[in-house]
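Working through the structure, step by step
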Amino acid sequence: MKVKLRDIAAVIRSKNSGPYELTFDILFKDADLYEKVCRANCISADVIAGLYHISPDQVINVVHFTPAHAIKSTIIRPIASGDPGETDVYGAQQHAPLMELVVEIED
Amino acid sequence: MKKENDTAKNGKETHTDACTPSGSGKETHADACTPSDSGKDTFPDKCFRVLSPTAILGYGFPTSSFEAGMRENPHVLAVDAGSTDPGPWYLGAGASFTDRNAVKRDLEIMIPAAIEADIPVIIGSAGGSGGEPHLQWNLEIIREIASERNLSFPIAVIHAEIDQELVREAVKAGRVSPLHPAPELKPEALDATVRIVGQMGMDPFLKALDTGARVILAGRAYDPAVFAAMAVRAGFDRGLAIHMGKILECAAIASTPGSGSDCMMGWLYDNSFEVEPLNPARRCTTLSVAAHTLYEKTDPYRLPGPGGLLDLTETSFTAVNDRRVRVSGSRFVPADAYTIKLEGVRSLGFRTVSLAGVHDPIMIGQMDDILASVRERVTDNFSTRRLSYRLDFRQYGRNGVMGALEPHPEEVPHELGIVIEALADSQETANTIVSFARSTLLHFGYPGRISTAGNLAFPYSPSDFKVGEVFGFSLYHLISVDDPCELFPMEIVASGSGVHAAGRGEGVRPRADNSRMTEVNP
């Protein structure tokens, strides 16, 4: 079935990981949904790059963290936090495109 | 400085070796933790308790939660005061991002309670950024409290601001490397840097604890260090102590519902630790605690810090009951070389901003073109003056929040927030550019305009705001050191005049109630 991440996640958030990185956390509602998303392999560096219109080499990692039923990805910030042209010093409002991401998982 | 540190280190080793059961009756009190009985064997229940009142000093906490925490007989009150999150300005300007009255309110409760309970208060990253002005700012608040409460106690002050010349020499010696993805440190970037701090690990705190100081006030510090140092000194496992510190540093944020302004308690044992919020309205679940491990981290399994890495690949989270979580398996892996993280900022110049709104659909539909024309007009108007500036327009409602990462920049909103901003080499130039851009945009005759009285809605008079000097990060690098304390000199200062509270270990009173200790033993 096709679902939006916002419908299967309990938490979707973004935040700085230091002044040069932006990190995204997706915590799924339960272990079952988390495992289905992992098996579908539908959140990759390429998917993150596509979502944010950045080149895949700007995606540092995509990590599966089972204890929190979470998938996490970190990207290189377009600019260092607070540099001229900054829009979000804390990086706390960059998560919205992930909420709308449609993934295909088992029923 | 190096020599002093060696002496201090040796002093500590001797002192630890000489650890013997202390005076009569005292050994029956698990929490009579004095410099002469800091070994783990003096903790009969093999449990070290840490109370974290708030996520950031000044964020506050309910007194009921704090009192519940004090009833758990903590061995230390620890709080982290800092972060790079609020951006580079605070480090550059030497100002705190938390309010003075709010910081004073928290310390006014914490310090007298800790003195009464005969436990130390440890504060890391004083004043938010942990530079010298931040440290002095916080020290002044502590002295003010001491004076108002008629208290006198020794304070260990650990400095974390680092001389530019020292970094320059270290760069030459190849001891400085960027923390990916920060750029290589160019000499001109270092020359332009106005303030540098180093993020101290646990070792300077171990030294400070040896002095018997009642309050330890440190400049920029690795967040978990303030929570972990005293436990590690007592012989508890470093990996578990640091991981517990990682959770406690954000206080009740790791509980559900999470809060940065409520207390959290940690119990550290031989092979595990437990955390529980002190407000009955909150609870820790395996999920809330595990989720916190992800927070603001690049890789949740490997968390680098001063002197090594916290390895969480074998960590497990289990529920003790519906409010408390036990964590085990976290390991500290020492690094080959001891490195300290450096944070530094350079001046970007002076900023002026103006805020306005637009509701005219004809204007909103061609905003990009209008702003380009205004920019051209500004450039042309001052072309003979050779002003050095950068002019930016932000469009809130289109891509103001996400900038280059915005997925839908083409969508036209019914209302638009405009920020006109100039960054220049002087405040005067920044003011000039914003003022001219604002008046030009206000009366700009764009194609099809039928609203001819003015293009902008200003919420304020005056419409322009002079921000002053602003800063950008220039250093986010690692420096390798021979001695973990060499960049962080310490001094012991008196809190001022008043009734003298002895250094810890002098005149320790038996505690009234130790019954809880056995209750928390797993």
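Each value, and the rule that gives it
- Residues numbered from 1 in each chain as written.
- Chains lettered and ligands numbered in written order.
- Predicted model: local features only at pLDDT ≥ 70, side-chain atom pairs only at ≥ 80, totals over all residues.
- Heavy atoms only, no water.
- Pairing = 2+ DSSP bridges.
- Helix = DSSP H or I, 4+ residues; strand = E, 2+ residues; numbered from the N terminus.
- Axes fitted to C-alpha atoms, helices over the stretch in contact; angles between N-to-C directions.
- Expected span 1.5 Å × (residues − 1).
- Contact = heavy atoms within 4.5 Å.
- Phe/Tyr/Trp six-rings, centres within 6.5 Å; stacked < 30°, edge-to-face > 60°.
- Buried < 20%, exposed > 50% of the residue type's maximum accessible area, 1.4 Å probe, protein only.
- Lys NZ or Arg CZ within 6 Å of the ring centre and 35° of its normal.
- Buried area = accessible area lost by both parts, 1.4 Å probe.
- Salt bridge = Lys/Arg side-chain N within 4 Å of Asp/Glu carboxyl O.
- Disulfide = S-S within 2.5 Å.
- Core = buried A, V, L, I, M, F, W, Y, C linked by side-chain atoms within 4.5 Å.
- Polar contact = N/O pair within 3.5 Å; in protein donor to acceptor, adjacent residues only side chain to side chain.
- Parallel < 35°, antiparallel > 145°, perpendicular 65-115°, else oblique.
- Left-handed = near helix turned anticlockwise from the far one by under 90°.
- Nonpolar A, V, L, I, M, F, W, Y, C, P; charged D, E, K, R; others polar.

**Describing the sheet that holds strand E4 (residues 59-65) of chain A**
Residues and elements named next belong to chain A. With antiparallel pairing, four strands are arranged side by side in an open sheet as E2-E3-E5-E4. Either end of the sheet is taken by a strand with one partner, and the two such strands are strand E2 (9-16) and E4. When the angles between neighbouring strand axes are averaged without regard to direction, this sheet yields 10°. Two strands pair when backbone bridges link them, and E4 and strand E5 (residues 70-76) are joined in this way by six bridges, in the antiparallel orientation.

**What to know about helix H4 (residues 100-117) of chain B**
All names here are of chain B. Along its 18 residues, H4 runs 25 Å from first to last C-alpha, staying within 8% of the 26 Å computed at 1.5 Å per residue. Residues of H4 that are buried make contact with helix H2 (63-71), strand E2 (76-80), strand E3 (121-124), helix H5 (132-148), strand E4 (151-152) and strand E8 (215-218). Positive backbone phi, at 60°, marks Asp118, one or two positions downstream of H4.

**Some remarks on the packing of aromatic side chains**
Residues and elements named next belong to chain B. Under the criterion given, the structure shown has 10 aromatic pairs over all chains. On the basis of an interplanar angle of 75° and a centroid distance of 5.9 Å, the ring pair of Tyr90 and Phe97 is categorised as edge-to-face. For Tyr90, a relative accessible area of 23% corresponds to the partly exposed category. Above the face of the Phe61 ring, Arg105 is positioned so that its terminal group lies 4.6 Å from the ring centre.

**Quick word on the interface of chain A and chain B**
At the junction of the two partners, chain A supplies 42 residues and chain B supplies 41 residues. Among the residues of chain A in contact with chain B, Tyr20(A), Phe65(A) and Pro84(A) are the three that bury the most area, contributing 19% of the side total. The tally of links between chain A and chain B comes to three salt bridges. For the salt bridge of Arg346(B) with Asp83(A), the shortest nitrogen-to-oxygen distance reads 3.8 Å.

**Structural notes on the state of the cysteines**
Scanning the model with the defined rule gives zero disulfides over all chains in all. Its sulfur unpaired, Cys38(A) is 8.5 Å from the next cysteine sulfur, which belongs to Cys42(A).

**Some words on the nonpolar core**
Generally speaking, nonpolar side chains in soluble globular proteins are found buried as a group. Residue and element names in this part refer to chain B. Ranked by size, the top nonpolar core spans 73 residues in total, and within it Phe48, Phe205, Ile216 and Leu268 carry the most contacts. Among the elements that take part in this core, helix H9 (residues 225-233) stands out by supplying eight residues, more than any other. In this structure, Phe205 is in contact with Ile122, Ile123, Ile158, Met200, Ile216, Ala218, Ala221, Ala225, Val226 and Ala229, ignoring residues within four places of it in sequence. Within the second largest apolar cluster, 40 residues are counted, among which are Leu51, Met70, Val79 and Val157.

**Description of helix H10 (residues 238-248) of chain B**
Spacing of three or four residues puts side chains on the same side of an α-helix, whose turn is 3.6 residues. All names here are of chain B. Most of H10 sits inside the fold, with 10 of its 11 residues counted as buried. Here H10 has its buried residues at Gly239, Leu240, Ala241, Ile242, His243, Met244, Gly245, Lys246, Ile247 and Leu248. Measuring from the backbone nitrogen of Gly239 back to the side-chain oxygen at the start of H10 gives 3.1 Å, which picks out Asp237 as the cap.

**Considering the packing of helix H13 (residues 367-381) of chain B against helix H14 (residues 427-442) of chain B**
Residues and elements named next belong to chain B. For the pair H13 and H14, interaxial distance at closest approach is 10 Å and the crossing angle is 130°. As the angle between them shows, H13 and H14 are arranged oblique. Along this stretch, H13 crosses H14, giving a crossing that reads as right-handed. Along the contact surface, H13 presents Met367, Ile370, Leu371, Val374, Arg377, Val378 and Asn381, while H14 presents Ile433, Phe436, Ala437, Thr440 and Leu441. Counted by class, the contact of H13 with H14 contains nine nonpolar, two polar and one charged residues.

**Thoughts on unusual backbone geometry**
Looking along the chain, the bond that leaves His180(B) and enters Pro181(B) is cis, with omega of 0°. Backbone torsion omega between Ser461(B) and Pro462(B) reads 5°, so that peptide bond is classified as cis.

**Observations concerning the sheet that holds strand E12 (residues 308-311) of chain B**
All names here are of chain B. As summarised here, the arrangement of the three strands in space is E11-E12-E15, forming an open sheet in which the pairing is antiparallel. Two strands in the sheet have a free side with no partner beyond their single neighbour: strand E11 (302-305) and strand E15 (331-334). In this sheet, neighbouring strand axes are inclined to one another by 25° on average, regardless of whether the strands run parallel or antiparallel. Taken together, the four bridges between E12 and E15 define a ladder with antiparallel strand orientation. The residue bridging Leu309 from the neighbouring strand is Val333, located in E15.

**Some remarks on the pairing of strand E19 (residues 464-481) of chain B**
Residue and element names in this part refer to chain B. Pairing analysis gives three bridges linking strand E6 (residues 176-178) to E19, with the strands arranged antiparallel. Directly across from Val176, in E19, lies its bridge partner Ile479. Across 16 bridges, the pairing between strand E16 (residues 338-358) and E19 is antiparallel. Bridged to Ile340 within E19 is Ile479.

**A few points about the pattern of salt bridges**
All names here are of chain B. Going through the model one piece at a time under the given rule, you end up with 36 salt bridges over all chains. Across the salt bridge formed by Asp191 and Arg168, the nearest N and O atoms sit 2.9 Å from each other. Pair noted here: Asp191 is in helix H7 (residues 187-191) and Arg168 is in helix H6 (residues 164-172), with a separation of 23 residues, a long-range link. Since its relative accessible area comes to 22%, Arg168 is described here as partly exposed. A salt bridge links Asp392 to Arg390, with the shortest nitrogen-to-oxygen separation between them at 2.7 Å.

**Digging into the packing of H4(B) against H5(B)**
All names here are of chain B. Two elements in contact, H4 and H5, have axes whose closest approach is 10 Å; the angle formed by their N-to-C orientations is 50°. Our classification of the angle between H4 and H5 gives oblique. For the element pair H4 and H5, the recorded crossing hand is right-handed. Contacts between H4 and H5 pair Arg100, Val103, Lys104, Leu107, Glu108 and Ile111 from the former with Trp137, Asn138, Glu140, Ile141, Ile142, Glu144, Ile145 and Glu148 from the latter. Residues that form the contact of H4 with H5 fall into these classes: seven nonpolar, one polar and six charged.

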